[in-house]
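The chain contents come next:
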Amino acid sequence: MNYPPEKNNPSSVLVVDDHMMTREGLKKMLETTNDFRIISQAKDGFECINKILNLKPDIAFIDVNLPKKNGIQVLENIKKKESITKVILYSNFISPNHYAKALKYKVDGILLKECDWTETLTCLKNVFDGKQYVSPLCKKLSIPILEFNENLKNEDAKRLNKLTEKERLILKLISEQHTSIEISKILFNSKKTIENIRYRICKKLEIFGPNSLTIFALKNKDLFV
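Predicted model, so just to flag it, every value in this text is computed and none were measured.

The rules behind each value
- Residues numbered from 1 in each chain as written.
- Predicted model: local features only at pLDDT ≥ 70, side-chain atom pairs only at ≥ 80, totals over all residues.
- Heavy atoms only, no water.
- Pairing = 2+ DSSP bridges.
- Helix = DSSP H or I, 4+ residues; strand = E, 2+ residues; numbered from the N terminus.
- Contact = heavy atoms within 4.5 Å.
- Axes fitted to C-alpha atoms, helices over the stretch in contact; angles between N-to-C directions.
- Buried < 20%, exposed > 50% of the residue type's maximum accessible area, 1.4 Å probe, protein only.
- Right-handed = clockwise from strand over helix to strand, strands pointing away.
- Phe/Tyr/Trp six-rings, centres within 6.5 Å; stacked < 30°, edge-to-face > 60°.
- 1 Å grid on protein atoms, 1.4 Å probe; cavity = no way out; pocket = protein on both sides within 12 Å on 5 of 7 lines; lining within 4 Å.
- Points joined across faces, edges and corners; volume = space filled by probe spheres on them.
- Nonpolar A, V, L, I, M, F, W, Y, C, P; charged D, E, K, R; others polar.
- Expected span 1.5 Å × (residues − 1).
- Arc of directions from axis to C-beta.
- Salt bridge = Lys/Arg side-chain N within 4 Å of Asp/Glu carboxyl O.

Engineer: Requested: an account of the sheet that holds strand β6 (residues 133-134), with residues and values cited.
Structural biologist: One open sheet accounts for six strands, arranged β2-β1-β3-β4-β5-β6; its pairing is parallel. The two strands at the open ends of the sheet, each matched to only one other strand, are β2 (36-42) and β6. Both strand β5 (residues 109-112) and β6 contribute to a ladder of two bridges, which runs parallel. In the strand pairing of β6, glycine 109 is matched with tyrosine 133. With respect to the sheet, helix α1 (residues 20-31) is in contact with β1 (11-16), β2, β3 (59-63) and β4 (86-91), its orientation differing from that of β2 by roughly 170°. On the sheet, helix α3 (residues 71-80) packs against β3 and β4 and is oriented at approximately 170° with respect to β4.

Engineer: I'd love a proper account of the pairing of β1, names of residues and values included.
Structural biologist: The buried count for β1 comes to six of six residues, which makes it a mostly enclosed element. Burial along β1 is two-sided: Ser11, Val13 and Val15 facing one way and Ser12, Leu14 and Val16 facing the other are all buried. When β1 meets β2, the two strands line up parallel, connected through six bridges. For valine 16, the partnering residue across the bridge sits in β2 and is alanine 42. For the handedness criterion, the β-α-β arrangement of β1, α1 and β2 is classed as right-handed.

Engineer: An account of unusual backbone geometry is requested, with residue identities and associated values reported.
Structural biologist: What you tend to see is this: most non-glycine residues have negative phi, and most peptide bonds are trans. Here the phi dihedral of lysine 56 falls at roughly 50°; this positive angle occurs in a residue that is not glycine. Examined against the element boundaries, lysine 56 turns out to sit in the loop between α2 (45-55) and β3. Backbone geometry places lysine 106, a non-glycine residue, at a positive phi of 60°. Examined against the element boundaries, lysine 106 turns out to sit in the loop between α4 (96-104) and β5.

Engineer: Can you lay out the packing of aromatic side chains for me, pointing to particular residues and giving the numbers?
Structural biologist: One pass over the structure, following the stated rule, counts two aromatic pairs. Consider the rings of phenylalanine 36 and phenylalanine 128, whose centres lie 6.2 Å apart with planes at 20°: the pair is stacked. You can see phenylalanine 36 sitting in strand β2 and its partner phenylalanine 128 sitting in helix α5 (residues 117-128), a full 92 residues away along the chain. We classify phenylalanine 36 as buried; its relative accessible area is 5%.

Engineer: Outline the layout of surface pockets, listing residues and values.
Structural biologist: Estimates place the volume of the second largest pocket at around 180 Å³. Forming the boundary of the second largest pocket are Thr22, Leu26, Met29, Phe61, Tyr90, Leu111, Leu112, Lys113, Cys115, Asp116, Trp117 and Thr120. Examining the composition of the lining of the second largest pocket, we find that three residues originate from one element, α1, more than from any other. For the lining of the second largest pocket, the per-class residue count stands at eight nonpolar, two polar and two charged.

Engineer: Please set out the pairing of β5 residue by residue, giving values where relevant.
Structural biologist: Side chains Gly109 and Leu111 project from β5 onto one buried face, and the interleaved Ile110 and Leu112 project onto a second face that is buried too. Once the chain exits β4 it traverses α4 before rejoining the sheet at β5, and the crossover so formed is right-handed.

Engineer: Describe helix α9 (residues 191-205), with residues and values.
Structural biologist: If you check α9, its first and last C-alpha atoms are 21 Å apart, about what 15 residues at 1.5 Å a residue would give, namely 21 Å. Ile194, Ile197, Arg198, Ile201, Cys202 and Leu205 are the residues of α9 that are buried. Seen end-on, α9 carries its buried residues on one side only, within an arc spanning 145°. Among the exposed residues of α9, those oriented more than 90 degrees off its buried face are Lys192, Tyr199 and Lys203. Glutamate 206 sits one or two positions beyond α9 and adopts a positive phi of about 60°.

Engineer: Requested: an account of α4, with residues and values cited.
Structural biologist: Inspection of α4 places Pro96, His98, Tyr99 and Ala102 among the buried residues, and these make up the whole buried set. Along the axis of α4, the buried positions cluster into a sector of 160°, meaning they face one direction only. Where α4 ends, the next residue or the one after it, lysine 106, has phi of about 60°, a positive value.

Engineer: Before we move on, can you summarise the pattern of salt bridges with the specific residues and values?
Structural biologist: Summed over the entire model, instances satisfying the criterion amount to twelve salt bridges. One salt bridge in this structure joins lysine 204 and glutamate 167, with 2.9 Å as the shortest N-O distance. On the criterion of sequence distance, the pair formed by lysine 204 in helix α9 and glutamate 167 in helix α7 (residues 165-175) is long-range, its members being 37 residues apart. Its relative accessible area of 26% is what places lysine 204 among the partly exposed residues. Classification of glutamate 167 by relative accessible area gives buried; the value is 1%. Through salt bridges with shared partners, a single ionic network connects Asp17, Asp63 and Lys113.

So, in C-alpha cells, the structure goes:
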C-alpha cells in the first residue's frame, strides 16, 4: 500500500484501549489527516481479536496493557491466524520482555504514548510500506536490558555444565514446579535423597537462600533438555 492513502480511499483503523478518553483522542488525531477511517473501537483483548477477524481493518492501534488478553497476546493470536491487519502496539512503557515478544511475533510497529504526531506518522508510513517501525526510545530502553539478561542466561548455561545428568533432571522437574516429595516418587528415591541432591545442586551453582533453587530453575527452564 502506498502512503499516504488516496483521500477517497482512507485506510480502515481499529483503535484498541481500555480507556475511552485515550481511544477518542487517538481517533481525533488520526482523522485530522483524512487518510484514515476509524471503523471501530475495542476496550479489551477478546473484543479486539473478534473485531480484527470480523472487520479486517488495514491497521490496528493496540494498547499493550489490555484487560482479558494483553496486546502481546492479541498480536500472537492474530499473527497465528495470518490476519491481514497490520498491528501497531503502543503503551506508556513497554517492558523489555514485552518488547522481545513483540519482535518475536513480528509486530509491524511499536510506539510509546509520549511520542509526538510526527513520529506517529513516520510509524504509519513505514508500516504501510511494509517496513517494521520501532520507536528509537523503546529500543534505547529495552535493548541494553535484553543484552544484559542474555549474558546472564549464557552464564547460567555454563554453570549448568557442572551438574550430573541426574542433577539436571531434578532441576528440570523443579522448573516444572514439582515438590521434593513428588520428585522422589517420580525417580523412586527417598525424599531425603532428593533434598540432599538439591543441596548439592545449590552448592555447585553457588546459589543459596530460601527458594533460590526454585527461582533459578523457573528462570532457566528453557535450558533444561
